[in-house]
Amino acid sequence: MERGETVEGFIEPIPAFVERDGERITVGHICGKCRRLYVSTQLHWDSRAVAVDCCFRQCACGALTGGTSWTACEECRERLAREREEERDRARREKAERVLFREYDGEWLFWEEGFYADLDTLLDHCALEELPPPGDAWACRPIKLRFDVEDMLEHALSDHHDEAYDQISEAEKDALQRQLDAWCDATGVVSYEPDYKRLVILEEVCGDATSAG
Ligand SMILES: [Zn+2]
Ligand SMILES: [Zn+2]
């Protein structure tokens, strides 16, 4: 007996068949609940089992998964995702280099999925949310606005003759790259991303707060 068949309210899939020369040939199964048709293929696909899974696929916990493409129910999927996230966080923290705040060369901090322009902003946030000051936070690294000269030339020269690219010297490319970099820097556009290789230790600047996490 299939596992899905033990689910309360289970409805047996309906065989779908064609008649050929007076003989009935089963070509698939229709889900007993939503009536979706699952056609058998030459590959000996068990269309009945798939039709059972359609609306009666069970998670290891016994609940319905909510569709044939899910192997676990929504609750279990969320729990598993959370556990994976926690495990990833643990592994990152274990491997990360510990940097004392006074030795941190940046200003931005990443803590609990949020970016903070500096330590004061982070502490203000914690005070507002009535949270204890964190013992550490992730370092951040800047992402500068950049254009790649090679990419730009490739695009710009796509309609030109074959030797056009070779007419531009390395020195000319370097010069253009420098001008573009300077232009980008002048715009002041910069974003930040968490640097999971460096954990900034805040304990000494946050009083006797204990390590978060
Ligand atoms: Zn169904
Ligand atoms: Zn489950």
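The notes below deal with the structure included here.

Basis of the calculations
- Residues numbered from 1 in each chain as written.
- Chains lettered and ligands numbered in written order.
- Predicted model: local features only at pLDDT ≥ 70, side-chain atom pairs only at ≥ 80, totals over all residues.
- Pairing = 2+ DSSP bridges.
- Helix = DSSP H or I, 4+ residues; strand = E, 2+ residues; numbered from the N terminus.
- Axes fitted to C-alpha atoms, helices over the stretch in contact; angles between N-to-C directions.
- Buried ≥ 20, exposed ≤ 12 C-beta atoms within 10 Å, placed from the backbone.
- Contact = placed C-beta atoms within 7 Å.

**Description of the sheet that holds strand E2 (residues 23–30)**
Ordered by their spatial adjacency, three strands build an open sheet running E1-E2-E3, and the pairing between neighbours is antiparallel. Whereas interior strands pair on both sides, the edge strands pair on one side only; in this sheet they are strand E1 (14–20) and strand E3 (37–39). Each neighbouring strand pair of the sheet contributes to a mean axis angle of 45°, computed without reference to strand direction. For E1 and E2, the ladder comprises seven bridges, and the chain directions are antiparallel. Bridging across to E2, Glu-19 finds its partner in Arg-24.

**Digging into the sheet that holds strand E4 (residues 97–100)**
Pairing within the open sheet is mixed, and its five strands lie in the order E4-E8-E7-E5-E6. One side of each edge strand has no neighbouring strand; the edge strands of this open sheet are E4 and strand E6 (114–116). When strand polarity is set aside, the average angle formed by the axes of neighbouring strands in this sheet is 50°. Relative to strand E8 (residues 190–201), E4 runs parallel, the two being bridged by four bridges. Paired with Arg-98 across the bridge in E8 is Leu-199.

**Quick look at unusual backbone geometry**
For Glu-113, which is not glycine, the phi dihedral falls at a positive 70°. Of note, Glu-113 is situated in the loop between strand E5 (109–111) and E6. Although it is not a glycine, Glu-130 sits at a positive phi angle of roughly 55°. Positionally, Glu-130 belongs in the loop between helix H3 (119–128) and strand E7 (136–144).

**Structural notes on the environment of Tyr-116**
Mapped onto the secondary structure, Tyr-116 falls in strand E6. A tally of 20 C-beta atoms within 10 Å means that Tyr-116 is categorised as buried. Once the C-alpha coordinates of Tyr-116 and Cys-140 are considered, the two residues, 24 residues apart in sequence, prove to be 9.5 Å apart. Beyond its immediate stretch of four places on either side in the chain, Tyr-116 contacts Trp-108, Leu-109, Trp-111, Thr-121, Leu-122 and His-125.

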